[in-house]
Amino acid sequence: MFKKVLVANRGEIALRIVRACRELGVASVAAFSEADRDTLAVREADEAVCIGPAPPAKSYLHIPAVMSAALISGCDAIHPGYGFLSENPYIGEICAQLGLTFIGPSPDVITRMSDKAQARKAMHEAGLPVLPGSEALLNESDAREQAGAIGYPVLLKAVGGGGGRGMRLVESESDLAAAYAVASNEARNAFNNADLYLEKYLIGPRHVEVQVLGDNFGHIIHLGTRDCSLQRRHQKVLEEAPAPGLSDTLLKALGTAAVKGCKSIGYSNAGTLEFLVDRSGGYYFMEMNTRIQVEHGVTEMVTGVDLVKWQIRIAAGAILTLQQKAIRITGHAIECRINAEDPAKGFLPQAGTIQLFLPPGGIGVRVDSHVYSGYSVPTSYDSLLGKILVWGEDRAEAIARMRRALGETIIVGPVTTIAFQQQILAHPAFAQAELDTGFLPRHMDDLVDAALGTPLGAPDPGSPGPRLPVPAAAGGQ
Ligand code: MV4
């Protein structure tokens, strides 16, 4: 096992990794920016090293700073978390040259999966279903020819990265030239790679992903599905495990496909295969994420498997002793992301001091958050304040429990998305699991209007409870 792990990230995931290290008896070092000096990961880690100023390019993305922090503090491994350096194909190589272990898949696998057209091709060759589509396009006229063969509508997607950037819907040939130019420019700006590929456009799909774990000896298992269809501008809002309403046959097929895909590329460590699922139960590989994801906790709650601890053990050379037949999905888990954003202002990010934070508790509730009363939300990073997760024996109990947990939560200071989340959970279409990527766009106006009628931080209107007096300002600690 490692002696000391550098946590090359911030926020709630940095704390999550520190906690995993502590339970494994491994020392942790929090690498932090000047804006993150007062965060919980810094406080909870065994040591902490400042790696630079707030802008990510000067700290969390600054490879020499991160590597130096690992070396001077005597670390033997680096955990990248999600975002930042987690899917940088050079990091594993650099780590190896410095005698450090990168906690993640091999550089070769990261490189292959970071090219989304190549990933699609590799998974198709492994026998996974993919939508009709193309490899990387040569130019606009190549796009025109291939789109004609696939049949409109088609999506132009960026080879260099997922997440919806550099993506354009093309409904007919007359729109192609403009869409190609815009998508290509966007892709160049976002990923430093203007290349595009095509896919047949699937209307109203669900986003269903499969969690996998593999070791360095060829053992690979899956840990079931998550539904992540509720997204706003390609940002996930609420996730659940397992994906509800899918037949056992389909759930099994998704798991088997994910394992087959991973075996074909020699995958190791934690990863996620994203699929689109249509109304008739068709499923299509979309892309693979070669990192731990924000929503990993819902999988942990329904499987009892600590994914972050397994990431560390596997990187240290442990054998994956978990057998597929020992993985059982029990009950249902839901995660709500709590963002410092104002739904009334188009989800404008909010900064400022959290005067009071009262997290929820009780049976089946988990809170993964780096914030506390007195914490100042910096402006340099994403607006995720934390995640509230619940487990229930079934989906209905999980929904009731999440409504109860969100109702207990008090955040005084920046406006958050809690009231918006409450409205999603109260919506009859959500109760019916009518999930698809159109859910939020379809119901957005109603959800925001209803959220504005709920005083922020107030209990669920269905269960009026006593209001706590709010101090003018709460101290830290
Ligand atoms: C699609 C699609 C329909 N058909 N691909 C959005 C982000 C990126 N990861 C892929 N995305 C999509 N790809 C085909 N061929 C619809 C989406 C999509 C979407 C996917 C998952 C969750 C939310 C979404 C919202 C809009 C579009």
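As the structure is a prediction and not an experimental result, all values here were calculated from the model.

### A few points about the sheet that holds strand β6 (residues 154-158)
Inference 1: Spatial ordering of the open sheet is given by β7-β6-β8, a layout of 3 strands whose pairing is antiparallel. Edge positions in the open sheet fall to β7 (168-170) and β8 (196-200), since each of these has one partner strand only. Direction aside, neighbouring strands of the sheet carry axes that sit 30° apart on average.
Inference 2: The sheet contact formed by β6 and β8 spans 5 bridges and is antiparallel. Across the sheet, residue Leu156 finds its bridge partner in β8, namely Leu198.

### Regarding the packing of helix α7 (residues 140-150) against helix α8 (residues 176-191)
Inference 1: With their axes 10 Å apart at the nearest point, α7 and α8 run at an angle of 125° to one another. Between α7 and α8, the crossing angle belongs to the class labelled oblique. The handedness of the crossing between α7 and α8 is right-handed. Along the contact surface, α7 presents Glu140, Ala143, Arg144 and Ala147, while α8 presents Leu176, Ala177 and Tyr180.

### Some details on helix α13 (residues 418-426)
Inference 1: Judged by how many residues are buried, α13 sits mostly within the fold: 8 of 9 residues are covered.
Inference 2: Buried residues of α13: Ile418, Ala419, Phe420, Gln421, Gln422, Gln423, Ile424 and Leu425, and no others.

### Some points on the nonpolar core
Inference 1: Counting 58 residues, the largest nonpolar core has Phe2, Leu6, Ile78 and Leu213 as its most contacted members.
Inference 2: For this core, the element with the highest residue contribution is helix α1 (residues 11-24), accounting for 7 residues.
Inference 3: Sequence-distant contacts of Leu6, defined by excluding residues within four places in its chain, comprise Val29, Ala31, Val66, Ala69, Ala70, Ser73, Cys75, Ala77, Ile78 and His79.
Inference 4: Membership of the second largest hydrophobic core comes to 37 residues, among which are Leu238, Tyr375, Ala419 and Leu440.

### Quick notes on the sheet that holds strand β3 (residues 47-52)
Inference 1: Ordered by their spatial adjacency, 5 strands build an open sheet running β3-β2-β1-β4-β5, and the pairing between neighbours is parallel. Edge positions in the sheet fall to β3 and β5 (101-102), since each has one partner strand and no second.

### Some remarks on the site of the ligand
Inference 1: Taken together, 17 residues form the shell around the ligand, and within it Lys157, Glu199, Lys200, Leu202 and Gln231 come nearest.
Inference 2: With respect to the ligand, the side chain of Lys157 contributes an N or O atom lying 2.9 Å from a nitrogen atom.
Inference 3: At a separation of 2.9 Å, a nitrogen atom of the ligand approaches a polar backbone atom of Leu202.
Inference 4: Elements represented by at least two residues in the shell around the ligand include exactly β6, β8 and β13 (283-289).
Inference 5: Grouping the constituent residues of the shell around the ligand by class yields 7 nonpolar, 6 polar and 4 charged.

### Structural notes on the packing of aromatic side chains
Inference 1: Applying the stated rule across the entire model yields 6 aromatic pairs.
Inference 2: For the ring pair Phe275 and Tyr283, a centre distance of 6.0 Å and an interplane angle of 65° mean the geometry is edge-to-face.
Inference 3: Put simply, the rings of Tyr60, Phe84 and Tyr381 touch in pairs and so form one group of aromatic residues.
Inference 4: The positively charged end of Arg313 is found above the aromatic ring belonging to Trp310, 4.5 Å away from the centroid.
Inference 5: Taking NZ or CZ as reference, Arg395 lies 4.5 Å from the ring centre of Phe430, over its face.

### A look at unusual backbone geometry
Inference 1: A cis amide bond links Tyr152 to the next residue, Pro153, at an omega of 0°.
Inference 2: With respect to the secondary-structure elements, Pro153 resides in the loop between α7 and β6.
Inference 3: A cis amide bond links Ala241 with the next residue in sequence, Pro242, at an omega value of -10°.
Inference 4: Not every positive phi belongs to a glycine, and His234 is a case in point at roughly 65°.
Inference 5: Residue position: His234 is located in the loop between β10 (220-232) and β11 (235-241).
Inference 6: A positive phi angle is found at Phe347, which is not glycine, with a value near 60°.
Inference 7: Along the chain, Phe347 falls in the loop between β15 (341-342) and β16 (348-349).
Inference 8: Look at Phe347 and you get buried, because its relative accessible area is 7%.

Criteria and thresholds
- Residues numbered from 1 in each chain as written.
- Predicted model: local features only at pLDDT ≥ 70, side-chain atom pairs only at ≥ 80, totals over all residues.
- Heavy atoms only, no water.
- Pairing = 2+ DSSP bridges.
- Helix = DSSP H or I, 4+ residues; strand = E, 2+ residues; numbered from the N terminus.
- Axes fitted to C-alpha atoms, helices over the stretch in contact; angles between N-to-C directions.
- Parallel < 35°, antiparallel > 145°, perpendicular 65-115°, else oblique.
- Left-handed = near helix turned anticlockwise from the far one by under 90°.
- Contact = heavy atoms within 4.5 Å.
- Buried < 20%, exposed > 50% of the residue type's maximum accessible area, 1.4 Å probe, protein only.
- Core = buried A, V, L, I, M, F, W, Y, C linked by side-chain atoms within 4.5 Å.
- Near = heavy atom within 4 Å.
- Polar contact = N/O pair within 3.5 Å; in protein donor to acceptor, adjacent residues only side chain to side chain.
- Nonpolar A, V, L, I, M, F, W, Y, C, P; charged D, E, K, R; others polar.
- Phe/Tyr/Trp six-rings, centres within 6.5 Å; stacked < 30°, edge-to-face > 60°.
- Lys NZ or Arg CZ within 6 Å of the ring centre and 35° of its normal.

By themselves, these observations are geometric and do not establish any function.
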